[in-house]
Amino acid sequence: MNRLMLNGHHQENGMENMMLFEVVKLGRSAMQSVVDDWIESYKTDRDVALLDLINFFIQCSGCKGVVSGEMFRNMQNSEIIRRMTEEFDEDSGDYPLTIAGPQWKRFKTSFCEFIAVLVRQCQYSIIYDEYMMDTVISLLTGLSDSQVRAFRHTSTLAAMKLMTALVNVALNLSINMDNTQRQYESERNKIVAKRANDRLELLLQKRKELQENQDEIENMMNAIFKGVFVHRYRDSIAEIRAICIEEIGVWMKLYSDAFLNDSYLKYVGWTMHDKQGEVRLKCLTALQGLYYNRELNTRLELFTSRFKDRIVSMTLDKEYDVAVQAIKLLTLVLHSTDEVLSPEDCESVYHLVYSAHRPVAIAAGEFLFKKLFSQREPEEEGAPKRRGRQSPNANLIKTTVFFFLESELHEHAAYLVDSLWECGAELLKDWECMTSLLLDDPLPGEEALTDRQETALIEIMLCTVRQAAECHPPVGRGTGKRVMTAKEKKTQLDDRTRITELFAVSLPPLLAKYAMDSEKVTNLLQLPQFFDLEIYTTGRLEKHLESLLRQVREIVEKHTDTDVLEVCSKTYHALCNEEFTIFNRVDIARSQLLDEQVDKFNRLLEDFLQEGEEVDEDDTYQILSTLKRITAFHNAHDLSQWDLFTSNFKLLNTGIENGDMPEQIVIQSLQCTHYVILWNLAKLSEGSSRKEDMVTLRKQMRAFCLMCQRYLTNVNTAVKEQAFTILCDVLLIFSHQMVSGGREHLEPLVYSPEDSLQVELLSFILNHVFIDQDEETNSTDGQQDDEAGKIEALHKRRNLLAAYCKLIIYCVVEMKTGADIFKQYMRYYNDYGDIIKETMSKTRQIDKIQCAKTLILSLQQLFNEMLSELGHGFDRSSSSFCGIKELARRFSLTFGLDQVKTRDAIAMLHKDGIEFAFKEPSPQGEGNPPLHLAFLDILSEFSSKLMRQDKRTVHMYLERFMTFQMALQREDCWLPLISYRNSLQAGGDDDTMSVMSGYSSRGSSVRSKKAKPTARKLPEGILYGTGTLITLPTLQTPVMMPSPHLTSTAMREPKRGRDDSYMGVYPLPHDHSQVTWMLAQRQQEEARQQQERAMNYAKLRTNLQHAIRRGTGLMEEDEEPIVEDVMMSSEGRLDDLNEGMDFDTMDIDLPPSKNRRERSELKPDYFDPASIMDESVLGVSMF
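Parameters and conventions
Residues numbered from 1 in each chain as written. Predicted model: local features only at pLDDT ≥ 70, side-chain atom pairs only at ≥ 80, totals over all residues. Heavy atoms only, no water. Axes fitted to C-alpha atoms, helices over the stretch in contact; angles between N-to-C directions. Helix = DSSP H or I, 4+ residues; strand = E, 2+ residues; numbered from the N terminus. Parallel < 35°, antiparallel > 145°, perpendicular 65-115°, else oblique. Left-handed = near helix turned anticlockwise from the far one by under 90°. Contact = heavy atoms within 4.5 Å. Nonpolar A, V, L, I, M, F, W, Y, C, P; charged D, E, K, R; others polar. Expected span 1.5 Å × (residues − 1). Bend = angle between axes of the 7 residues up to and from the residue. Buried < 20%, exposed > 50% of the residue type's maximum accessible area, 1.4 Å probe, protein only. Phe/Tyr/Trp six-rings, centres within 6.5 Å; stacked < 30°, edge-to-face > 60°. Patch = residues over 30% accessible without salt bridge, like charges linked within 9 Å, V, L, I, M, F, W, Y side chains within 5 Å. Areas by Shrake-Rupley, 256 points an atom, 1.4 Å probe, with all protein chains shown as cover. Salt bridge = Lys/Arg side-chain N within 4 Å of Asp/Glu carboxyl O. Lys, Arg positive; Asp, Glu negative; His and termini not counted. Charge placed at Lys NZ, Arg CZ, Asp CG, Glu CD. Core = buried A, V, L, I, M, F, W, Y, C linked by side-chain atoms within 4.5 Å. Polar contact = N/O pair within 3.5 Å; in protein donor to acceptor, adjacent residues only side chain to side chain. Disulfide = S-S within 2.5 Å. pLDDT = per-residue confidence, 0-100.

Draft legend 1. Up close: the packing of helix α3 (residues 46-60) against helix α7 (residues 132-144). Packing of α3 against α7 brings their axes to within 11 Å, and their N-to-C directions diverge by 25 degrees. By the angle between their directions, the pair α3 and α7 is classed as roughly parallel. Between α3 and α7 lies a crossing of right-handed hand. Contacts between α3 and α7 involve L50, L53, I54, F57 and I58 from the first element and M132, T135, V136, L139, L140 and L143 from the second. Of the residues that constitute the contact of α3 with α7, the class distribution is 10 nonpolar, one polar and no charged.

Draft legend 2. Molecular detail of helix α19 (residues 413-428). Its 16 residues give α19 an end-to-end C-alpha distance of only 12 Å, which falls more than 12% under 22 Å, the value for a rise of 1.5 Å per residue. Where α19 bends most, at E422, the angle is about 100 degrees. Burial runs high along α19: 12 of the 16 residues are buried. When we look at burial in α19, the residues that qualify are A413, Y415, L416, V417, D418, S419, L420, W421, G424, A425, L427 and L428. Check the buried side of α19 and you find it contacts α17 (358-372), α18 (393-406), α20 (431-439) and α21 (451-470).

Draft legend 3. Structural view of unusual backbone geometry. Phi is positive for C471, which is not a glycine, with a value near 60 degrees. With respect to the secondary-structure elements, C471 resides in the loop between α21 and α22 (486-513). In this model, R540 sits at a positive phi of 55 degrees, which is unusual for a non-glycine residue. Mapped onto the fold, R540 is located in the loop between α24 (534-538) and α25 (542-558). Residue R540 is classed as exposed on the basis of its relative accessible area of 72%.

Draft legend 4. Region of interest: the packing of aromatic side chains. Inspection of the entire model under this criterion finds 39 aromatic pairs. Seen from their ring centres, F56 and F111 are 6.0 Å apart, and the 35 degrees between their planes marks the pair as tilted. Taken together, the residues span a long stretch of sequence, with F56 in helix α3 and F111 in helix α6 (residues 102-122) at a distance of 55 residues. Overall, the relative accessible area of 0% leaves F56 in the buried class.

Draft legend 5. Representation of a negative patch on the surface in the model. A contiguous patch of negative charge, built from E344, E347, E406 and E408, is present on the exposed surface. Within the secondary structure, E406 sits in helix α18. Of the residues examined, E406 reaches a relative accessible area of 62% and is grouped as exposed.

Draft legend 6. Representation of the nonpolar core. Ranked by size, the top nonpolar core spans 314 residues in total, and within it F114, I821 and F918 carry the most contacts. Per element, the largest residue contribution to this core is 15 residues, and it comes from helix α8 (residues 149-188).

Draft legend 7. Summary view of the side chain of S419. Relative to the helices and strands, S419 is located in helix α19. There is a polar contact of 3.1 Å between the side chain of S419 and the side chain of R477. Leave out the neighbours within four places in its chain, and S419 touches V353, A361, I362, G365 and R477.

Draft legend 8. View of the state of the cysteines. For the coordinates displayed, the defined rule picks out zero disulfides. The thiol sulfur of C708 is not disulfide-bonded, and the nearest other cysteine sulfur, from C705, lies at 6.5 Å.

Draft legend 9. Molecular detail of the pattern of salt bridges. Enumeration over the complete set of coordinates arrives at 34 salt bridges. Across the pair K490 and D494 runs a salt bridge whose closest N-O atoms are separated by 3.1 Å. One end of the pair is K490 and the other is D494, both in helix α22 and four residues apart, which spans about a single turn. When its relative accessible area of 38% is taken as the criterion, D494 is described as partly exposed. Here E838 ties to K842 by a salt bridge, and the two come within 3.8 Å at their closest N and O atoms.

Draft legend 10. Here's a closer look at the confidence of the model for the protein chain. Counting all residues, the mean pLDDT for the protein chain is 79, and 78% of those residues have values of 70 or more. Scored below 50 in pLDDT, residues 1-18 makes 33 contacts in the model with residues more than four places away or belonging to other chains. Contacts of residues 777-781 to residues separated by more than four positions or lying in other chains number six contacts, the stretch itself having pLDDT below 50.

Pasting the structure below:
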């Protein structure tokens, strides 16, 4: 295996050790038999057996080295560990505890089990021989001080599990000592005649032996605690710190008499400030095990008072798992004693029931339930069960309502119900009690519910019905659909049956009582959506159905509120199900209602159009209310049998001609006409339509689009917004997308907007969306109303922008129109940044090159606007120019890191940018920079996205537009050209970049040898001039530096591939001496650069080799092994938090040959508390 195993004994020993490691790794054999075999070996030759055990720990750390017998006998632990460090495998940073895969996950379990079984099997004899345990503890303590992470991690885990096993032994010894002491006292208290002196002597001797054994165990535990835990609980590696905290929690729970005191609890309290969520989580789970046992509460009082505030603050932890466990811990604290948590502490947990993260909300719901609902009125035995408002749940339901109303910042009853569902479903499903509280008169002495409380109770009742019927959390809390179990499905069916049976009877009187209250009626009318309609027939509840339909009809006739009318429409839609026998009855009632409303609308419309300017307010209100009802029902019901398009179109046309139509009538008429077209399209999509229907729909759709376009110029803003929204929807629905999915027969209906319509749509967006907030007309009823008005206005504008962006994404309008949207990205980032960014992402998925052209077009538009405002002599440090440059940088970031995918698009972007920069000559005449030259400074933001070979190509394309005079310019006005050329040259020919990248991290020497994927060639035609493709010459472009003295007259062959007929903006010079001088300068500069690169490369190699030999950089094959420096900071280190601690246990004194000799040499303090803990912990005082 290596030089340590040359003789036969060591080879054989190595194979035995390998077998032990393999057995534990595979985990197939019973650990009991494995340990028994080792114990037999130990009894035969303890040195050989211990050597096997030592090598087992070494190999479990991933080390390939083997400790020989000679090393074991003659070398100290520090020397052995140093030798093993040299043998460590440097090719990979993985070791058994960190390797992924199910086999290595089982290994950790088997490893911990091996240590536990080993101590359990040796607890009666071997662990007291002052040899085996001393050797193992000495080795593990030394390894835990190693700078090699694998040694430190593995040995800490082993030491902590060894400590846990010793705690079990100590606990058994304590129990045996107590039993022996009781037996001794019992025997001694007997009268002299019956006392057995021999038994007293035996019991006394046994107690003495147990006491000696306990002292030995305490010495071992003290050695592990002081030698390993005290230093490793604050290790730089989070996994190691988590192991320590997890195990100390086990010790305090197992042997509370010895460990559950402030001397040990403080470590858990301090570590709750750890910066890693994994460690904080272990602290909380450790404490949960302690607080769960009420008998331990008195010992935790000081700890609770000291660290309660920290636990409460952890309920808002950024790691949701930590927050959940913190809330559960507070629930246990609340369960053990109700006086510890103040009202402020409880309130900080209460509001978490509205959290969007469901586990946090459920944990907070359990806390709330225990705090508010645990006090339930006891029912007398034998007494009849009380129901309705007399039931024990009545007060608890009222408490829920009061809590919901007091949570003024939250108006989401569905979230509150979902949070309480798992712990209080029985309470929340007491719908009989809820309806009784709403319908029945209050009992004598009972205070009736206020109107606000009744509204809240109805909302909560609706949410509980929805939760029971749908069996999934509300929107925003769902983690995706999950498969329901058979038990859950049965519960769901039973609940729906109960809901139908109860509310089929109680809903009509509830509607009758609250018929005039819009908010209450809106919630109550949603209940039939969750009914099992078959119950109406099987339960013989038809009379209650008639009562329900009568109440709904009365509500439709009384109300004009849109929300109420829409929920009435949905109620009819839910009840009109052809699968059930009640369909005919409901359908007749619906038809009668709609017949009356449509006839009324046609009659009112005829009078309305005839009266003209003489229309009074009452007639306007009547036609508006009727139109609202028809529109609300047309949303969910097909009203094609009534010709609503003709009447509505006539109404809209009259509004255009007269210009004095009330805005709400126009808005409702536009919406109703929209529904007419959608229902007609839905029927045609089924494929069983006539050609006449297709032609009719085509005419109606185009006429309606023209009507909406005319309303875009209306004076009323609400009308224009409605027309714009509907127009965008219609254009999207009737775009080329509609023929996909086997609907080719709808192709005659495809409609593409004309250029004039596209211009009007874009103009509307620019004039109504990209405006300052102050320009909006807001409410003046106070600051709160003003803020609410601003939020509502912003929400409307976001919907308008999203509607237009969908037209861009689905190619309904030309993608280049997106330039006017994209250029607003920075200015309106807070309001619309997410919409614009998503639009850019979607357009790039459709056509990368066209998207890039749109982005550069938006920058060009901003540049031209800036020139119009500031003039051609603007300052490049101005806020306008810097804003455009920052926008270009943001655009560049959206291209991501994969240069291969965006290669063509970036090349096209640079091409368009270069052409724009040289498009307009200087108005000051020849010799001055082009008018748009400063645009190259903006374009340079995209240079980093070019691949190395493409930078050369783009540079050559840039030279097509340049003259030799431009290359010689050094004035400030030419700086954009100089900086852009430099950005194209950066990294283009620097071979040392590949060398530098190889030394960024350890192991990179192996990775750097792997071949990089070959980039695909740039397609021809991406970069082109006037009829001529660019060729790639081998000449290197000169760097813009002061020219050195002429030292050579050697001429280079002129560049080829340049179209001689193309001179860009400026003509090429014809002075041959000037050309000769330029070529000579280029050759000299290139030779100088090449020499400098060679020298820099040689220096770099030398420095890296020195760094390697020092062990600070890349590890080569024959150098020192990779070790991890756990020293986070050596300056300003805090004093050891444990300095001066007084432990009750004795210091262990192991034999000199196996002791942890000179531990200070092996164990420097590798800890900087500030590096792993929050600042708040640094001021924590000890108990």
